[in-house]
Amino acid sequence: MRPPSRKRPPNRLNTELVKKPRDLLEYVVVHELLHLIEPTHSERFVSLLDQVYPGGREARAELNDLPLSARAWKE
Ligand SMILES: [Zn+2]
């Protein structure tokens, strides 16, 4: 691994990217906790999710877009 070049400014962290896994983890926890109240993904479940975690639908869509395969988890 090469030391960082002094000629270039250091890479800026993309704060949104850093934040995303945490948001998604929160969503997963909230989702599972809601299943204690409502066991299925019914309209009631979606309504409760919207109330307690307004960004839940977006988080779910992002989670579904992540390139995680079953094989990756077995290793
Ligand atoms: Zn569920």
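Remember, predicted model here, so these are calculated numbers, not experimental data.

Engineer: Outline the overall build of the chain, supporting the account with residue identities and numerical values.
Structural biologist: Across its full length, the chain carries four helices and zero strands. The helix and strand sequence of the chain, counted from the amino end, reads α-α-α-α. Looking at the 75 residues of the chain, the share that counts as buried comes to 7%.

Engineer: Which residues make up the environment of H35, and what values go with them?
Structural biologist: Of note, H35 is situated in helix α1 (residues 15-37). Classification of H35 by C-beta neighbours within 10 Å gives exposed; the count is 11.

Engineer: I'd love a proper account of the confidence of the model for the chain, names of residues and values included.
Structural biologist: Detail in the predicted coordinates should be disregarded across regions flagged by low pLDDT. On average, residues of the chain score 79 in pLDDT, and 64% of them are at 70 or above. Within the chain, helix α4 (residues 70-74) has the poorest average pLDDT of any element, 49, and helix α2 (residues 43-52) the best, 95.

Engineer: How would you sum up the environment of G55? Please name residues and give values.
Structural biologist: Tracing the backbone shows G55 in the loop between α2 and α3 (56-65). For the pair formed by G55 and L24, sequence separation is 31 residues and the distance between their alpha carbons is 9.9 Å.

Conventions adopted
- Residues numbered from 1 in each chain as written.
- Predicted model: local features only at pLDDT ≥ 70, side-chain atom pairs only at ≥ 80, totals over all residues.
- Helix = DSSP H or I, 4+ residues; strand = E, 2+ residues; numbered from the N terminus.
- Buried ≥ 20, exposed ≤ 12 C-beta atoms within 10 Å, placed from the backbone.
- pLDDT = per-residue confidence, 0-100.

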